[in-house]
Amino acid sequence: MAKRRDKSKKKDKKKGKKSRRQKPSRAERADRYALYQKSVQEPSCDVEFFERAFRDAYARGPSVLREDFCGTAAICCEWVRSRRDRKAIGVDLDPEPLAWGREHNLAKLKPAQRRRVHLVQADARSSYDLPADVIATLNFSFFYFKQRSALAEYFRCARENLNDEGILVLDMVGGSEVLEEDREEITEHGRFDYVWEQHSFNPITADQVCFIHFRFPDGSELERAFEYRWRLWTLPEVRELLLESGFRRAEVYWEGTDEESDEGNGIFEPAAEAPSEPAWIAYVVAIK
Ligand SMILES: C[S@@+](CC[C@H](N)C(=O)[O-])C[C@H]1O[C@@H](n2cnc3c(N)ncnc32)[C@H](O)[C@@H]1O
């Protein structure tokens, strides 16, 4: 995850003279991982979805989850909480979110639950001695692989890291609005605003740069709390590559629409056709 750039600190430096010690701003006191989790993650919905998608494929329940690109391992923790026989492996390259996850997420688990979570600082393409029933790669993390060959290698490794019966679950974003340079402010969090900035998109390579910023009622701002430099892959590209990498099937689960609000209703069902919505999020489930 990207290093934060705290605007309010920069302003203080510019003054260039000793100032009376002021109360730190909300941005200075903020914990970017806590804000991230509140803004963009819903582990209980993901866990419910993994269970359903695995049952759709194999008519039984899964027990081992591997969360690739796990960050703070929020989904691993929800997984072991959901059933006593479940184990989770979280894999991330960056020691910082892993340490945060240990201190804040794993610490909230009961000791017996905590013993069923294994966090590994490693590349998502590496293997671990416990094969998984479900591998989850969420919040578009596989978009980091910009070259076709690199993404194919990741899919082949993920397939190897699954049990004979196993699924790889990816989420994807798309639609015409996603290609635009844009800032979307979401104020529903009350104590802070979450800002998603689509900073640039290169149609020649499909490379995109995005930032997450957080704003606070005292006027302070945590600018570029997270940054993403990735490729916007399309559903057909990804499905083809999954099949080429050895998966038997690659299903798209499309979100239904709430009739009253005309917004997504959070219920994802297998689909072969979908309306051309300006912005959508879908799961792709690859079946071994
Ligand atoms: C977008 S965050 C996803 C966090 C979390 N999984 C979620 O759903 O919100 C991406 C994470 O991928 C990690 N990462 C990037 N490249 C990686 C790689 N090759 N192998 C493992 N982790 C990687 C980063 O350190 C970062 O924590």
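Look up: the structure comes first, before these words.
Source: prediction; values computed, not measured. (Residues numbered from 1 in each chain as written. Predicted model: local features only at pLDDT ≥ 70, side-chain atom pairs only at ≥ 80, totals over all residues.)

Chemist: Would you explain the overall build of the chain in this entry?
Modeler: Per the secondary structure count, the chain includes nine helices and 13 strands. Computed over C-alpha atoms, the radius of gyration of the chain comes to 20 Å, within 12% of the 19 Å expected from 2.2 N^0.38 for 288 residues, which places it in the range of a compact globule. Viewed in the frame of its principal axes, the chain has a C-alpha envelope of about 65 × 45 × 40 Å. Scored against the burial criterion, the 288 residues of the chain give a buried share of 34%. Within the chain, residue pairs in contact and separated by at least 24 positions form 65% of the contacts whose partners lie at least 6 positions apart. (Helix = DSSP H or I, 4+ residues; strand = E, 2+ residues; numbered from the N terminus. Rg over C-alpha atoms; globule rule 2.2 N^0.38 Å. Buried ≥ 20, exposed ≤ 12 C-beta atoms within 10 Å, placed from the backbone. Contact = placed C-beta atoms within 7 Å.)

Chemist: Even after reading the chapter, I still don't get the site of the ligand, so can you show me in this structure?
Modeler: The ligand sits among 17 residues. The nearest are Phe69, Gly71, Asp94, Ala124 and Asn139. Here the residues of the shell around the ligand are counted per class, giving ten nonpolar, four polar and three charged. (Near = placed C-beta within 6 Å. Nonpolar A, V, L, I, M, F, W, Y, C, P; charged D, E, K, R; others polar.)

Chemist: I keep staring at helix α8 (residues 148-160) and nothing clicks. Help me out?
Modeler: Each α-helix winds once per 3.6 residues, and so residues spaced three or four apart point in a common direction. With 13 residues, α8 ought to run about 18 Å at 1.5 Å a step, and its terminal C-alpha atoms sit 18 Å apart, in line with that. Among all positions in α8, only Leu151, Tyr154, Phe155 and Ala158 are buried. Taken down its axis, α8 places every buried residue within 95 degrees of arc, on the same side. α8 presents Ser149 and Glu160 as exposed residues on the side facing more than 90 degrees away from its buried surface. Those residues of α8 that are buried are in contact with β5 (132-137), β6 (162-174) and α9 (235-244). (Expected span 1.5 Å × (residues − 1). Arc of directions from axis to C-beta.)

Chemist: Can you walk me through the pairing of strand β13 (residues 280-287) in this structure?
Modeler: In the sheet, β6 pairs with β13 via eight bridges, with the strands oriented antiparallel. Paired with Asp171 across the bridge in β13 is Tyr283. Bridge count for strand β11 (residues 249-257) against β13 is five bridges, and the pairing is antiparallel. Looking across to β13, one finds that Ala250 is bridged to Ala286. (Pairing = 2+ DSSP bridges.)

Chemist: Looking at this structure, I do not really get helix α6 (residues 95-105). What am I missing?
Modeler: Considered for burial, the residues of α6 that qualify are Pro97, Leu98, Trp100, Gly101 and Asn105. An end-on view of α6 places all buried positions within 160 degrees of arc, on one side of the element. Seen from the open side of α6, the exposed residues pointing more than 90 degrees away from its buried face are Pro95 and Glu103. Looking at the packing, one finds that the buried side of α6 touches α3 (32-40), α5 (74-82), β3 (87-92) and β4 (117-121).

Chemist: Whenever I open this one, the sheet that holds β6 confuses me. Can you help?
Modeler: Two modes of strand pairing occur in sheets, parallel and antiparallel, and in both the strands are linked by backbone hydrogen bonds. The sheet built from eight strands is open, its strands ordered β4-β3-β2-β5-β6-β13-β11-β12 with mixed pairing. Each edge of the open sheet carries a strand with a single partner, namely β4 and β12 (264-271). Adjacent strand axes in the sheet meet at a mean angle of 20 degrees when their direction is disregarded. Strand contacts of helix α4 (residues 43-58): β2 (64-68), β5, β6, β11, β12 and β13, with the helix running at about 130 degrees to β6, the strand carrying the most contacts. Where α9 meets the sheet, it contacts β6, β11 and β13, and its direction lies at approximately 10 degrees from that of β13. (Axes fitted to C-alpha atoms, helices over the stretch in contact; angles between N-to-C directions.)

Chemist: Sorry if this is basic, but what is going on with the nonpolar core here?
Modeler: Most often, soluble globular proteins have nonpolar side chains that are buried together. Residues Phe50, Leu65, Cys76, Val134, Ile167 and Val169 are the most contacted members of the largest nonpolar core, which totals 53 residues. Those residues within four positions of Val134 in sequence are excluded, and the remaining contacts are Phe50, Phe54, Pro62, Leu65, Gly166, Ile167 and Val169. (Core = buried A, V, L, I, M, F, W, Y, C linked by C-beta atoms within 7 Å.)

Chemist: How do you make sense of unusual backbone geometry when you look at a structure like this?
Modeler: Glycine aside, residues mostly have negative phi, and peptide bonds are mostly found in the trans state. In the Ramachandran plot, Ala59 falls in the positive-phi region, its phi being about 55 degrees despite a non-glycine side chain. Position of Ala59 among the secondary structure elements: in the loop between α4 and β2. C-beta crowding within 10 Å serves as the criterion here: with 7 such atoms nearby, Ala59 is assigned to the exposed category. The backbone phi angle of Phe69 is positive, close to 55 degrees, even though this residue is not glycine. For Phe69, a count of 22 C-beta atoms within 10 Å translates into the label buried.

Chemist: Teacher, can you tell me more about the pairing of β3 here?
Modeler: On any regular strand, side chains alternate: one points to one face of the sheet, the next to the other face. Here β3 lies mainly inside the structure; five of its six residues are buried. The sheet contact formed by β2 and β3 spans five bridges and is parallel. Looking at β3, one finds that Val64 is bridged to Lys87. For the crossover from β2 across α5 to β3, the handedness is right-handed. Pairing analysis gives five bridges linking β3 to β4, with the strands arranged parallel. Directly across from Ala88, in β4, lies its bridge partner Val117. (Right-handed = clockwise from strand over helix to strand, strands pointing away.)

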